[in-house]
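Working through the structure, step by step
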Amino acid sequence: MKIEVEVISQETIKPSTPTPHHLRHHQLSILDQLAPHAYIPFLYFYSLPNTHNNHTQISTHLKKSLSKILTQYYPITGRVKFNLFVDCNDHGIPFYEARVKSHSLSDVITNPSLPELNKLLPFELGVVTDIALEVQLNLFPCGGIAIGLSASH
């Protein structure tokens, strides 16, 4: 099963309020400094009734919610510097919106293929960047959605 996914928009989601100056430097623990940099992928699938498949409304709500919660988890929007600390500079996290063109949500769930499911993630596994979290909202023709996350660990 080949999944065809097209990214239709990309933006950076920033915290709804700026990080206070006294919290701008987050020291990494010695374990964080010594551990290899890796990303943990997450995929969440949601089947939505036809009456609730307004993708624009879902996308807007998700972006607003992310912006609000990033205020509480401010290190996620910063960047790791010299593998010693996080510069909590409110740079934000990448948010992608993608359209799944070739399959329905039920096809993907009932016949999963790991290499194909990777297309629902914000970036390829194995890629290392200084970004702690990326989000991809995947929109299926049937109205369902899949939210793909890649979180740094």
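Scroll up to find the structure.
Residue indices begin from 1 for each chain and proceed along its sequence in written order. Restriction of local features to residues with pLDDT of at least 70 applies here, the model being predicted, together with a cutoff of 80 or more for giving and counting side-chain atom pairs; totals for whole chains, interfaces and linings are based on all residues. Excluded from the side-chain calculations are hydrogens and water; all other atoms, namely the structure's heavy atoms, are used.

**Notes on the overall build of the protein chain**
Helix and strand labels come from DSSP, where a helix needs a run of H or I of at least four residues and a strand needs a run of E of at least two; each type is numbered from the N terminus. Looking only at helices and strands, the protein chain features 4 helices and 8 strands. Helices and strands in the protein chain line up, N terminus first, as β-β-α-β-α-β-β-β-α-α-β-β. The dimensions of the protein chain, computed from C-alpha atoms along their principal axes, are 45 × 30 × 20 Å. When accessible area is computed with a 1.4 Å probe and restricted to protein chains, residues below 20% of their type maximum are described as buried, those above 50% as exposed, and intermediate ones as partly exposed. For the protein chain, the proportion of its 153 residues judged to be buried stands at 38%. Per-residue and other accessible areas were derived by the Shrake-Rupley procedure at a 1.4 Å probe size, with only the shown protein chains allowed to occlude residues. Roughly 9000 Å² of accessible area belongs to the protein chain as shown, and the carbon and sulfur atoms make up 59% of that amount. A positive count includes Lys and Arg, and a negative count includes Asp and Glu. His and the chain ends are not counted in either. The location of each charge is read from NZ of Lys, CZ of Arg, CG of Asp or CD of Glu. The centroid of the 11 positive side-chain charges in the protein chain is displaced by 6 Å from the centroid of its 12 negative side-chain charges.

**Some words on the environment of Pro141**
Along the chain, Pro141 turns up in the loop between β7 (133–139) and β8 (145–152). Distance in space between the C-alpha atoms of Pro141 and Lys119 is 16 Å, their sequence separation being 22 residues. We call two residues contacting when some pair of their heavy atoms lies within 4.5 Å. Apart from residues lying up to four places away in sequence, Pro141 is in contact with Val100 and His103.

**Side note on the layout of surface pockets**
There is about 530 Å³ of room inside the largest pocket. Space inside and on the surface of the protein is sampled on a 1 Å grid over the protein atoms alone, with a cavity defined as a set of points where a 1.4 Å probe fits but cannot get out and a pocket as an open set with protein on both sides within 12 Å along at least 5 of 7 lines; lining residues have an atom within 4 Å of a point. As for the largest pocket, its lining consists of 21 residues, and the residues nearest its centre are Leu28, Asp32, Val80, Ser152 and His153. Those elements giving two or more residues to the lining of the largest pocket turn out to be β2 (25–27) and α1 (30–34). When residues are grouped by polarity, Ala, Val, Leu, Ile, Met, Phe, Trp, Tyr, Cys and Pro land in nonpolar, Asp, Glu, Lys and Arg in charged, and all others, Gly among them, in polar. Residue composition of the lining of the largest pocket, by class: 11 nonpolar, 8 polar and 2 charged. Grid points are joined across faces, edges and corners, and a volume is the space filled by probe spheres set on the points.

**What about the pattern of salt bridges?**
Basic side-chain nitrogens of Lys or Arg form a salt bridge, by our definition, when they fall within 4 Å of a carboxyl oxygen of Asp or Glu. Taken as a whole and judged by the stated rule, the model has 5 salt bridges. Across the salt bridge formed by Glu4 and Lys101, the nearest N and O atoms sit 3.8 Å from each other. Of this pair, Glu4 sits in the segment before β1 (5–13) while Lys101 is found in the loop between β6 (93–100) and α3 (105–110), placing the two residues 97 residues apart along the sequence. The partly exposed category is assigned to Glu4, whose relative accessible area is 42%. A salt bridge links Asp90 to Arg24; its shortest N-O distance comes to 3.5 Å. Of the two residues, Asp90 is situated in the loop between β5 (85–87) and β6 and Arg24 in the loop between β1 and β2; the sequence distance between them amounts to 66 residues.

**Things to note about the packing of aromatic side chains**
Stacked, tilted and edge-to-face are the three classes assigned to paired rings of Phe, Tyr and Trp, where Trp is represented by its six-membered ring and a pair needs centres within 6.5 Å; plane angles under 30 degrees give stacked, over 60 edge-to-face, the rest tilted. Applying the stated criterion across every chain yields a total of 2 aromatic pairs. Centroid distance Tyr39 to Phe123: 4.8 Å. Interplanar angle 85°. Geometry classified as edge-to-face. Of this pair, Tyr39 sits in strand β3 (residues 39–46) while Phe123 sits in the loop between α4 (114–117) and β7, and the two are 84 residues apart along the sequence. For the residue pair Tyr39 and Phe123, the accessibility class agrees, reading buried in each case. For the pair Phe42 and Tyr44, a centre-to-centre distance of 6.3 Å together with 5° between the ring planes defines the contact as stacked. On the basis of relative accessible area, Tyr44 is assigned to the partly exposed category, the value being 37%.

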